[in-house]
Amino acid sequence: MKRKKVSDKHGMIAKFTEEALRLGGGVSANQRHFIKAALAHGKTMEPAGRLARTNRECSHD
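Model, not experiment: these values are computed from the prediction.

What counts and what doesn't
Residues numbered from 1 in each chain as written. Predicted model: local features only at pLDDT ≥ 70, side-chain atom pairs only at ≥ 80, totals over all residues. Heavy atoms only, no water. Helix = DSSP H or I, 4+ residues; strand = E, 2+ residues; numbered from the N terminus. Buried < 20%, exposed > 50% of the residue type's maximum accessible area, 1.4 Å probe, protein only. Areas by Shrake-Rupley, 256 points an atom, 1.4 Å probe, with all protein chains shown as cover. Salt bridge = Lys/Arg side-chain N within 4 Å of Asp/Glu carboxyl O. Expected span 1.5 Å × (residues − 1). Patch = residues over 30% accessible without salt bridge, like charges linked within 9 Å, V, L, I, M, F, W, Y side chains within 5 Å.

(A) Here's a closer look at the overall build of the protein chain. A count of helical and extended segments in the protein chain gives two helices and zero strands. The buried share among the 61 residues of the protein chain stands at 0%. By element, 59% of the accessible surface of the protein chain is carried by carbon and sulfur atoms, the whole surface being about 6,900 Å².

This is how it looks when you write it as structure tokens:
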């Protein structure tokens, strides 16, 4: 009777995480600016009215 190979999922996750971080590069200055603005202003800068997308959870179809 053949045994199934036990895959090392934790090892694979660590390998893919390391590869993604290596290939993804760092955070650009523009991305850092948007993150800082979002943290500083919160939801006050979010679009409202016609610019805002409708919420799928509250749709009344």
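From this point, things continue past the structure.
(B) Up close: the pattern of salt bridges. Enumeration over the complete set of coordinates arrives at one salt bridge. A salt bridge links Arg 22 to Glu 18, with the shortest nitrogen-to-oxygen separation between them at 3.8 Å. One end of the pair is Arg 22 and the other is Glu 18, both in helix H1 (residues 9–24) and four residues apart, which spans about a single turn. Arg 22 sits in the exposed class, given a relative accessible area of 53%.

(C) Inspection of H1 at higher detail. An ideal rise of 1.5 Å per residue puts 22 Å on 16 residues; H1 measures up with 22 Å between its terminal C-alpha atoms. Among the 16 residues that make up H1, zero are buried, leaving the element largely open to the surroundings. Where H1 ends, the next residue or the one after it, Gly 25, has phi of about 75°, a positive value.

(D) A nonpolar patch on the surface, seen in detail. A grouping of Val 27, Ile 35 and Leu 39 is seen on the molecular surface, where their side chains present a nonpolar patch of about 320 Å² in accessible area. Within the secondary structure, Leu 39 is located in helix H2 (residues 29–41).

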